[in-house]
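Single-letter residue listing:
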Amino acid sequence: MELLTIGAFAKASRLSPKALRLYDELGLLAPTRVDPVTGYRLYAPELLEQARLVAWLRRLGMPLARIQQVRTLEPAAAAQEIRAFWAQVEADTAARRDLASFLIDHLSWKDPAMTSTTSPLGIRYAALSDTGLVRESNQDTAYAGSRLLAVADGYGSAGAPAGAAAVDALKHLETGSVPAGDLLNVLEDAVEQARHAVNGVLGPGSSPEEAGTTLTAMLWTGSQLALVHIGDSRAHLLRDGELFQITHDHTLVQSMVDEGRISAEEAASHPQRSLLIRALGQGADGTPDMRLHDARRGDRYLLCSDGLSAVVRSEEIRRVLREVPEPERAVRELIALANGSGGPDNVSCVVADVVELQQ
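Since the structure is predicted, the reported quantities are computational estimates derived from the model, not experimental observations.

Turning our attention to the packing of helix α6 (residues 159–168) against helix α7 (residues 183–202). Close contact between α6 and α7 brings their axes to 8 Å; oriented N to C, the two are set at 155°. Comparing the axis directions of α6 and α7 gives the class roughly antiparallel. In this structure, the crossing between α6 and α7 has a hand that is right-handed. Facing α6, whose interface residues are P161, A162, A165 and A166, α7 presents A194, A197, V198, V201 and L202. Of the residues belonging to the contact of α6 with α7, the class tally is 9 nonpolar, no polar and no charged.

Evaluation of the coordinates by the stated rule reveals 1 aromatic pair. Ring centres of F9 and Y43 lie 4.3 Å apart, and the angle between their planes is 10°; this geometry places the pair in the stacked category. With F9 in helix α1 (residues 6–13) and Y43 in strand β3 (residues 41–43), this residue pair connects regions lying 34 residues apart in the sequence. You'll find F9 and Y43 in the same group, each marked buried.

Turning to helix α11 (residues 314–323), its buried residues are I317, V320 and L321. Looking down the long axis of α11, one finds its buried residues gathered within 95° of arc, a one-sided arrangement.

Another aspect to go through is the pattern of salt bridges. Counted under the stated rule, the structure contains 15 salt bridges. As a salt-bridge pair, R66 and E81 come within 2.8 Å of each other at their nearest N and O atoms. Placement of the pair is R66 in helix α4 (residues 64–70) and E81 in helix α5 (residues 75–108), with a sequence separation of 15 residues. Under the relative-accessibility criterion, R66 is labelled partly exposed at 24%.

Parameters and conventions
Residues numbered from 1 in each chain as written. Predicted model: local features only at pLDDT ≥ 70, side-chain atom pairs only at ≥ 80, totals over all residues. Heavy atoms only, no water. Axes fitted to C-alpha atoms, helices over the stretch in contact; angles between N-to-C directions. Helix = DSSP H or I, 4+ residues; strand = E, 2+ residues; numbered from the N terminus. Parallel < 35°, antiparallel > 145°, perpendicular 65-115°, else oblique. Left-handed = near helix turned anticlockwise from the far one by under 90°. Contact = heavy atoms within 4.5 Å. Nonpolar A, V, L, I, M, F, W, Y, C, P; charged D, E, K, R; others polar. Phe/Tyr/Trp six-rings, centres within 6.5 Å; stacked < 30°, edge-to-face > 60°. Buried < 20%, exposed > 50% of the residue type's maximum accessible area, 1.4 Å probe, protein only. Arc of directions from axis to C-beta. Salt bridge = Lys/Arg side-chain N within 4 Å of Asp/Glu carboxyl O.

Below, the structure written as structure tokens:
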């Protein structure tokens, strides 16, 4: 068998000699033989397939340690691992895209010029939380005020105080105005305060499995709603009669859907559908999604815990939001729908309408 020099092997594999030397040192791609006199690395042609795979995976941006794992797998398992890696890359890219969009909107947005025919906007709101028909206590917290809307779904032994602490930490946003240039910093500080508040309730040494909370909140700025989202509570927008989910669930099952491992239909009945990958709690990943939404007169926003979204079909939620004009009655009817479907979990709803303020 004729061996290839490192130069010839580099050219055939699309890897540089420098990369080949590094991969040899790391144990990722060892040469077939090292010449005892010259020290030249020599490679068998059969190694080209592995080398080309390494080259392609590096072009994907996969870390060397993960490439080492992939190259030991059977083809089907390797394909699944690459699919999972790329799904994570796309999720990370989407998160950065959201932040970039937030920054662009935040920095370029200007208050519209007010004319004699332009009326200032405000929100009309209601919040309601219910224990449901199965749980003994309510670990949800729902809040609605003139500027702050929030839902937190606590879990574990201290879930109720954790959720309440997260929402309470944001309530100072109700008072005073937020300068346009400080909005992003204000939101970031608010999430950090909520994180500290939850950790203070749970105490040192608590694990993410023991207790924590989701947090989905919106801050009204006078013409926009700034969204902060961690976990699997949800925010929806009803605009022109169409209902849009404007949050992405931070759950293991949703990540499996994103990776193409299961379908959305399979996710709905998956036994691990409530397992969170982001939450507020000791040791948990509390990285928030943040977005800005330009408000229009007639918009209706819904924030809810999964006690509603997991048991009531989106068509029914849309019907109530379209047909029931008063936020107070809407939240009551949505909770009644959840309880009418068995009420297996605590359920919380916040409904807020964007309206013209009376002058």
